[in-house]
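# Structural characterization, general
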Amino acid sequence: MVAPRSLPGPAEIPAPGSPARPPRASEHGRIESVAARWSQLIHDGDPSAAGHFATVLRQLAATVHAEPFWPLAARSIGAQLVPIGACRRPSGLGDEFGDVIVPSLRLLRRDAPAALGLDGRDGELRLAAVLDELVAGAVGAYRDRQRPAAPVRGRAPTVLDWHIRAVYEQGAVGIAILALDGQVLDLNPALSDIVGLGGPLDQPRPVSDFVHPDDMVDVVERLQRLVRGEPEVMRLELRLVRADSRVRWVHATASRVLGDDGSASHLMAVVEDVSERHRLWSRLHEASFSDQLTRLPNEAVADQWLERAFAGDGPENVGVCALDLDGFHPIGDELGQQVGDRLLLGVAGRLQLAAGDHVVCRTGADEFAVLVADPAGAAEVSRLADRLQAALATPFRIDNHTLVVSASIGVAEAATAQGSAAELLRAADVARAWAKALGGGRRVVFDSERDAAEAARFALLSGLRGAIDRGEFRLVYQPLVRLADGHVRGAEALVRWQHPEQGLVGPNRFIELAEQSGAIVPLGRWVLEAACTQAAAWWHELGDAAPFVSVNVSPVQLAEPAWVHEVTGVLAATGLPPHLLQLEITEQAVLRDEVVVLDALGALREAGVRIALDDFGTGYSSLAWLRRLPVHGLKIDGSFIDGLRNPSADPTDSSIVRALVELAHALGLEVTAEWVETAVQAQRLAELGCDLGQGRWFGDAGPGGWVPGLQRRSIGR
């Protein structure tokens, strides 16, 4: 029996009759029926006694259903059995207390589950625990009314007071009586069943006969402390070895039994079999650290391995190969999960063979990681990645299917004295993403400089949309000069980003990001509005001599259904004549959705807006295709103009430019040359018949206010 000082205080025990839920209506009748049978057993059917027993049963119902469950509350219920006469000698029975309690206990175990609304294994366990405490409470109350029998010294059964024999023999939990030197004197039937004995002990046996050898040192040390009273109650979980050599996990609570002189005379241990709970815990633990399909260590193991490596007592260097299978998901989708699982098993096996002594983990659905301790630099980890890739090169044969997979592998290596596990894993993942972006089937080594550049790109992308609302973009204008006389014919609007942290950022750093993120649509709308507003101001100041403004249009904008209406709406809002707006498009923009784009460009041309084809000469346009474009002019790509900068120009570049100019003029188109940076280039382009020039020879891009001044004089001559 648990020592009184281990019991909870009154505030911790639910009051009898205050259930977590009240008895259901169907249970009331069953409770009354069991109470009547109990009264018949003890009091020959006394109706008043039946009412008392019904009250006891309702209190038991409250206890077994209470949450949190606290079986010790049943002790106070058991104590009520004495004053209501449940422990007096009934007619036809002997004088011993046990002759009264045992039949009552048998009745309750048989009939109480249905009466109290209990079902399942949990209900059985709760009732068993509550009945144990009920009997303990009845024993205690009866003992207070009677003079206790003097204990008789000898073997374990004689140590037990007859007041608790029913609990000892009928209890659902195991009980052991031990001598102070660790000899097991007696086991109750429940514990005998746990350790696989056919009956009671025939003689005292050392505790080492029952305890697993791996737990023995700890058990002996703690029993010795318990004998000294340090502590008063000992709780531990250990393994017992059955007679058939099977192992049972148990939870034991041991305390000292005090003699008449107040000193410890024996030890008593209450033992609960927790093998099933431990097996469940073991399975959960295995599931937490082992991949259920491949049985490889999982991502949690990889994380812990690396954390320990960087903790300071592991290898000096660590390498990681992060693998992502290429083309795995279509295989699973087309051939089914079973084939996909077998493929993963095959991949896992090959990776283990190729990795040798290194740790292979499955970190995702089709992702693996190989961990390398103390590699000789990133080169050794790269060679391992190549072996892993080669191991997957041979096709897999599964259910008459020949399956080919490769892997995108990211390689990272670091010294454990600096950095962290998280940083190394991120580096490997980033490198793997680079390998994937290149088409897979390769390994890429992490590059910190490239990563920093991409981080800067991401920072720009993060602030891109908000920059429009915050007014961080600026427009500058580069003149388009007529080569024949140096007269300013137009000005191209070029966008700049006045970044709050990185300063002035050119379009080559953010336009592609804007197109990828979709931010190019609102940005392009802002550029169009700002450029048209500025060009309208030029027109109001210069009249018919005002230059047109040229605005670049992204392919993403061209695909917008409402784009044409946006352009015409901006023209109407700013008052800019349509012929003073030129929209620059690329060949790729037209090819993306040719029918839609041609319709849009045709509508704008009909409205009077100028259209120019930018970067001409770098695409694959045929003459027939070019004739169908509703454009006013071409801009020859600067790569052809660059070869004309020296006095001894490349004759090939001159011939190409002449051909492009003649082709454009044959189609009635105006020709603009980009990247004009020297007087030689400007003169030679004029000789080749090019109409307009643009570049640093005519001045860098500047604010919109300077264009009227340029218009009043010839430049670049």
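Structural notes, computed from the coordinates. (Residues numbered from 1 in each chain as written. Predicted model: local features only at pLDDT ≥ 70, side-chain atom pairs only at ≥ 80, totals over all residues. Heavy atoms only, no water.)

## Here we look at the overall build of the protein
Each helix and strand counted, the protein has 27 helices and 22 strands in total. When the accessible surface of the protein is summed, it comes to about 34,500 Å², and 52% of that surface belongs to carbon and sulfur atoms. (Helix = DSSP H or I, 4+ residues; strand = E, 2+ residues; numbered from the N terminus. Areas by Shrake-Rupley, 256 points an atom, 1.4 Å probe, with all protein chains shown as cover.)

## Description of the pattern of salt bridges
Scanning the model with the defined rule gives 35 salt bridges in all. Of the charged contacts, one joins R126 and D122 as a salt bridge, the two residues approaching to 3.5 Å between their closest N and O atoms. With R126 and D122 both in helix α5 (residues 120-145) and 4 residues apart, this pair spans about one turn of that helix. According to the relative accessible area criterion, R126 is buried, its value standing at 13%. Of the charged contacts, one joins D451 and R426 as a salt bridge, the two residues approaching to 2.9 Å between their closest N and O atoms. Within this pair, whereas D451 is found in helix α16 (residues 448-469), its partner R426 is found in helix α15 (residues 421-437), the two being separated by 25 residues in sequence. Salt bridges sharing common partners tie together E492, E584, K635 and E674. (Salt bridge = Lys/Arg side-chain N within 4 Å of Asp/Glu carboxyl O. Buried < 20%, exposed > 50% of the residue type's maximum accessible area, 1.4 Å probe, protein only.)

## Describing the packing of aromatic side chains
Per the counting criterion, the structure on display carries 7 aromatic pairs. On the basis of an interplanar angle of 35° and a centroid distance of 5.4 Å, the ring pair of F473 and W497 is categorised as tilted. With a gap of 24 residues between them, F473 in strand β14 (residues 473-482) and W497 in strand β15 (residues 488-499) connect regions that are remote in the sequence. Plain terms: the ring middles of Y477 and W538 are 5.2 Å apart, the flat faces sit at 75° to each other, and that makes the pair edge-to-face. With Y477 in strand β14 and W538 in helix α18 (residues 520-542), the pair connects residues that are 61 residues apart, well separated along the chain. As far as the burial class goes, Y477 and W538 line up, both buried. Through a chain of ring-to-ring contacts, the aromatic side chains of F473, W497, F510 and W526 assemble into a single cluster. If you follow R350 out to its NZ or CZ, it ends over the ring of F396, 3.6 Å from the centre. (Phe/Tyr/Trp six-rings, centres within 6.5 Å; stacked < 30°, edge-to-face > 60°. Lys NZ or Arg CZ within 6 Å of the ring centre and 35° of its normal.)

## As for the nonpolar core
By size, the foremost hydrophobic cluster in this structure holds 84 residues, and its most contacted members are V549, L581 and L583. In this structure, L581 is in contact with L528, C532, F548, V549, V551, V567, L571, L576, V609 and R610, ignoring residues within four places of it in sequence. In terms of nonpolar packing, the next biggest core, distinct from the first, is built from 31 residues, V34, W38, A61 and V64 among them. (Core = buried A, V, L, I, M, F, W, Y, C linked by side-chain atoms within 4.5 Å. Contact = heavy atoms within 4.5 Å.)

## Comments concerning the sheet that holds strand β3 (residues 205-206)
Across the sheet, which stays open at both edges, the 6 strands sit in the order β3-β2-β1-β6-β5-β4 with antiparallel pairing between neighbours. This sheet does not close on itself; its edge strands, each paired only once, are β3 and β4 (233-241). Relative to β3, strand β2 (residues 183-187) is paired through 2 bridges, and the arrangement is antiparallel. In the sheet register, Q183 faces β3, and the bridge partner there is P206. Seen against the sheet, helix α9 (residues 213-227) touches β4, β5 (247-258) and β6 (264-273) and runs at an angle of roughly 150° to β4. (Pairing = 2+ DSSP bridges. Axes fitted to C-alpha atoms, helices over the stretch in contact; angles between N-to-C directions.)

## Regarding the sheet that holds strand β12 (residues 406-415)
What the 5 strands build is an open sheet, ordered β8-β9-β7-β12-β13; its pairing is mixed. Strands at the two margins of the open sheet, each flanked by one partner only, are β8 (359-362) and β13 (443-445). Adjacent strand axes in the sheet meet at a mean angle of 20° when their direction is disregarded. The pairing of β12 with β13 spans 3 bridges and is parallel. In the sheet register, V411 faces β13, and the bridge partner there is V445.

## Comments concerning helix α20 (residues 563-574)
Compared with an ideal rise of 1.5 Å per residue, which puts 12 residues at 16 Å, α20 spans 17 Å between its outermost C-alpha atoms and is within 8% of the ideal. When we look at burial in α20, the residues that qualify are W563, V564, V567, V570, L571 and T574. Projected down its long axis, α20 shows its buried positions confined to an angular sector of 130°, all on one face. Looking at α20, the residues exposed on the side facing more than 90 degrees away from the buried face are H565, A572 and A573. Check the buried side of α20 and you find it contacts α18, α19 (555-558), β18 (581-585) and α22 (594-606). (Expected span 1.5 Å × (residues − 1). Arc of directions from axis to C-beta.)

## Here we look at helix α17 (residues 507-517)
Among all positions in α17, only F510, L513 and A514 are buried. Taken around the axis of α17, the buried residues stretch over an arc of 105°, which confines them to a single face. Along α17, exposed side chains directed more than 90 degrees from the buried face belong to N508 and Q516. In the core, the buried residues of α17 are packed alongside α16, β14, β15, β16 (503-505) and α18. Of the residues trailing α17, G518 is marked for its positive phi of about 90°.

## What about the pairing of strand β7 (residues 317-326)?
In terms of residue burial, β7 counts as a mostly covered element, since 9 of its 10 residues are buried. In terms of strand pairing, β7 meets β12 through 10 bridges, oriented antiparallel. Note on β12: the bridge partner recorded for D326 is S406.

## A short note on the side chain of E492
Structurally, E492 is set in strand β15. Side-chain polar atoms of E492 contact the side chain of Q694, separated by 2.5 Å. Once residues within four sequence positions are removed from consideration, E492 is found in contact with V476, Y477, Q478, L480, S550, N552, E584, K635 and Q694. (Polar contact = N/O pair within 3.5 Å; in protein donor to acceptor, adjacent residues only side chain to side chain.)

## Focus on the pairing of β8
Note: β8 against strand β9 (residues 367-373), 4 bridges, orientation antiparallel. Note on β9: the bridge partner recorded for R362 is F368. Joining the antiparallel neighbours β8 and β9 is a turn of 4 residues.

## Looking at the packing of helix α12 (residues 328-335) against helix α13 (residues 337-355)
Running from N to C, α12 and α13 point in directions that differ by 140°, and their axes come no closer than 6 Å. Where α12 abuts α13, its residues F328, I331, G332 and L335 lie against Q337, V339, G340, L343 and L344. For the contact of α12 with α13, the per-class residue count stands at 6 nonpolar, 3 polar and no charged. (Nonpolar A, V, L, I, M, F, W, Y, C, P; charged D, E, K, R; others polar.)

## As for the side chain of D451
Judged by its relative accessible area of 13%, D451 is buried. Once residues lying within four places of it in the same chain are set aside, the contact partners of D451 are R426, V430, W434 and F446.

## With respect to unusual backbone geometry
With an omega of 5°, the peptide bond running from E230 to P231 counts as cis. By secondary structure assignment, the location of P231 is in the loop between α9 and β4. In this structure, D615 is a non-glycine residue whose phi angle is positive, near 55°. Within the secondary structure, D615 sits in strand β19 (residues 610-616). Phi is positive for W675, which is not a glycine, with a value near 65°. Here W675 lies in the loop between β21 (670-673) and α26 (679-687). Under the relative-accessibility criterion, W675 is labelled partly exposed at 46%.

## A short note on the environment of A322
On the secondary structure map, A322 appears in strand β7. Considered as a pair, A322 and A427 are 105 residues apart in the sequence and their alpha carbons are 9.5 Å apart. Those residues within four positions of A322 in sequence are excluded, and the remaining contacts are F368, S408, I409, G410, A428, D429 and R432.

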